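Residue strings, one per chain:
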Amino acid sequence: MTREETAMELDADETTEVSPMTLGIYYRRAFPHSAYYKWLNYNGVAPTTDFTHREFSFTINDGVYVRYQSFRDASEFQRELVRLSPSKIDIGAIFTAAPKHAKSLQPGVFRPVAKELVFDIDMTDYDDVRTCCQGGAICAKCWKFMVIAMHVLDRALREDFGFSHIMWVYSGRRGVHCWVCDERARQLDDAARKAVAGYLSIVRGGAEKGKKVNLSQRHAHHPHVVRSMEIIEEYFEQVLLEDQEILLTRERWNKVLAALPDEELRNQIDTQWSKRPDKPSVEKWSEMVDIVEKRASKRGAKFALSTFERDIMLQYAYPRLDENVTTHLNHLLKSPFCIHPKTGRVCTPIGQDQFDTFDPFAAPTLACVLKELGSDSAVGGKLQDVSQAAASLTGYVDVFEKFVALLPVSSNSTSHQSLDF
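Residues numbered from 1 in each chain as written. Predicted model: local features only at pLDDT ≥ 70, side-chain atom pairs only at ≥ 80, totals over all residues. Heavy atoms only, no water.

Caption draft 1: View of the overall build of the chain. The helix and strand inventory of the chain stands at 18 helices and 9 strands. Relative to all contacts within the chain whose residues are 6 or more apart in sequence, the contacts with residues 24 or more apart total 71%. Element-wise, carbon and sulfur atoms account for 50% of the exposed surface of the chain, whose accessible area totals about 18,300 Å². (Helix = DSSP H or I, 4+ residues; strand = E, 2+ residues; numbered from the N terminus. Contact = heavy atoms within 4.5 Å. Areas by Shrake-Rupley, 256 points an atom, 1.4 Å probe, with all protein chains shown as cover.)

Caption draft 2: Inspection of helix H8 (residues 190–200) at higher detail. Those residues of H8 that sit buried are Ala192, Arg193, Val196, Ala197 and Leu200. Buried residues of H8, seen end-on, are gathered within an arc of 140 degrees and therefore sit on one face of the element. For H8, the exposed residues lying more than 90 degrees away from the buried face are Ala191 and Lys194. Of the surrounding elements, those touching the buried residues of H8 are strand E5 (117–122), helix H6 (140–159), helix H7 (183–186), helix H10 (223–243) and helix H16 (323–327). (Buried < 20%, exposed > 50% of the residue type's maximum accessible area, 1.4 Å probe, protein only. Arc of directions from axis to C-beta.)

Caption draft 3: Quick look at a negative patch on the surface. A cluster of acidic residues, Glu230, Glu233, Glu234, Asp290, Glu293, Glu309 and Asp356, forms a negative patch at the surface. Among the secondary structure elements, those contributing two or more residues to the negative patch are H10 and helix H13 (281–296). Ranked by residues supplied to the negative patch, first place goes to H10 with 3 residues. Summarising the element assignment, Asp290 is placed in helix H13. (Patch = residues over 30% accessible without salt bridge, like charges linked within 9 Å, V, L, I, M, F, W, Y side chains within 5 Å. Salt bridge = Lys/Arg side-chain N within 4 Å of Asp/Glu carboxyl O. Lys, Arg positive; Asp, Glu negative; His and termini not counted. Charge placed at Lys NZ, Arg CZ, Asp CG, Glu CD.)

Caption draft 4: Structural view of the pairing of strand E2 (residues 64–69). Taken together, the 4 bridges between strand E1 (residues 54–60) and E2 define a ladder with antiparallel strand orientation. Within E2, the residue paired with Ile60 across the bridge is Val64. Joining the antiparallel neighbours E1 and E2 is a turn of 3 residues, in which Asn61 adopts a positive phi near 50 degrees. (Pairing = 2+ DSSP bridges.)

Caption draft 5: Representation of the side chain of Glu55. Tracing the backbone through its elements, the reader meets Glu55 in strand E1. One polar contact links Glu55 to Arg67, side chain to side chain, over a distance of 2.8 Å. Not counting the four nearest positions on each side in its chain, Glu55 is found in contact with Arg67, Tyr68, Gln69, Asp90, Ile91, Gly92, Ala93, Phe95, Pro99, Asn330 and Leu332. (Polar contact = N/O pair within 3.5 Å; in protein donor to acceptor, adjacent residues only side chain to side chain.)

Caption draft 6: Structural detail: the packing of aromatic side chains. Here the structure, examined in full by the defined rule, presents 29 aromatic pairs. Between the aromatic rings of Tyr68 and Phe110, the centroid separation amounts to 5.8 Å while the plane-to-plane angle is 75 degrees, which identifies the pairing as edge-to-face. Placement of the pair is Tyr68 in strand E2 and Phe110 in the loop between strand E3 (88–95) and strand E4 (112–114), with a sequence separation of 42 residues. On the basis of relative accessibility, which here comes to 29%, the residue Tyr68 falls in the partly exposed class. On the basis of relative accessible area, Phe110 is assigned to the buried category, the value being 18%. Sitting over the ring of Tyr68, Arg67 keeps its end group 4.7 Å from the ring centre. (Phe/Tyr/Trp six-rings, centres within 6.5 Å; stacked < 30°, edge-to-face > 60°. Lys NZ or Arg CZ within 6 Å of the ring centre and 35° of its normal.)

Caption draft 7: Main features of the nonpolar core. Among the nonpolar cores identified, the biggest contains 124 residues, and Tyr26, Tyr36, Trp39, Trp168 and Leu200 are the most heavily contacted of them. Looking at this core, the element that brings in the most residues is H6, giving 12 residues. Aside from chain neighbours lying at most four places away, what touches Trp168 is Ile121, Ala149, Met150, Leu153, Asp154, Val176, His177, Cys178, Thr348, Pro349, Ile350 and Phe355. The next biggest cluster of nonpolar side chains, apart from the first, holds 5 residues, and it includes Ala93, Phe95, Ala97 and Ala102. (Core = buried A, V, L, I, M, F, W, Y, C linked by side-chain atoms within 4.5 Å.)

Structure follows, in structure tokens:
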């Protein structure tokens, strides 16, 4: 069975293992409670409002969505997690009061004041450019879009914004999440988060729009654009031309040519390729670039012609963000180490040095973890603190613990600050 075929069958094979009973075993025996608490309490010894005023949302009993859960310490969180055995855990903001008391507070008193700066990249947002899969399916070929996205955004967040405590997490199915945990990032208000998301968003427009990258001459030489292009150039030929074959058929090449701001050139290239449609995309790309460059070099040529190659590379390979996830303090995001209900896979951290080697198909499933825990996992017992016997989780827990260990102790400040751009 090919990896592509495996991708199509993930849902059917793994979902049967996800139940309140099996999740209870996982949360009791394998969930990394100690490191998880240290992360959200930001290494404070005693519980701080970073943890006690944090909203958790649980999905229980086949879809019942319970918001505004909060806990006074790690022990209470662990007990409730095992008792409720949620099929999904979402993490929200830190509020002015414990979220479990939200209904008893007067309007305006209860409000979000801090949260990690988060990003959500979903493979379905690439459906207009990937040719190997669609919808919820992924394979090794299209996963490389996530690899490019992690490289581009991680570099930008570190080099352009000065953030250093950045955690990447596999969503468990078809995407990645990014958690920026620097205190300066956690204190950003909605306006500042919107500014960051806007800075990092280059591809604009839906599937019906031909040209989705429109950079001015000034922005064309911006360090972020130049750096992003350097990263994309490393992957473009293999990912877009060889793996995705974006110029293989007339339907595909016309999507690329739709972004070319010269009707005469569009017709010329379309006619040329229609005579030899079997040419591989690598050859067609080289021909197209040569034709466009010759026209762009002529006096009076449109500026957009000179940037066409760059703009298409960005349009097809630059990260596609769900900006709503980033811009609102009150937006929830799926927790690391919860189980994806449709695939049964653990939402595992991805180390900064693992972008190119991380394999979503190797991420452990709940079934695999339970098997490793052994037959005694089905019976009761004392609450455990680490993944004591689940070998498939060990490496991912190590990545998480190393990340948490480097987090500075929070000042527990609730003041707001903004970034200058």
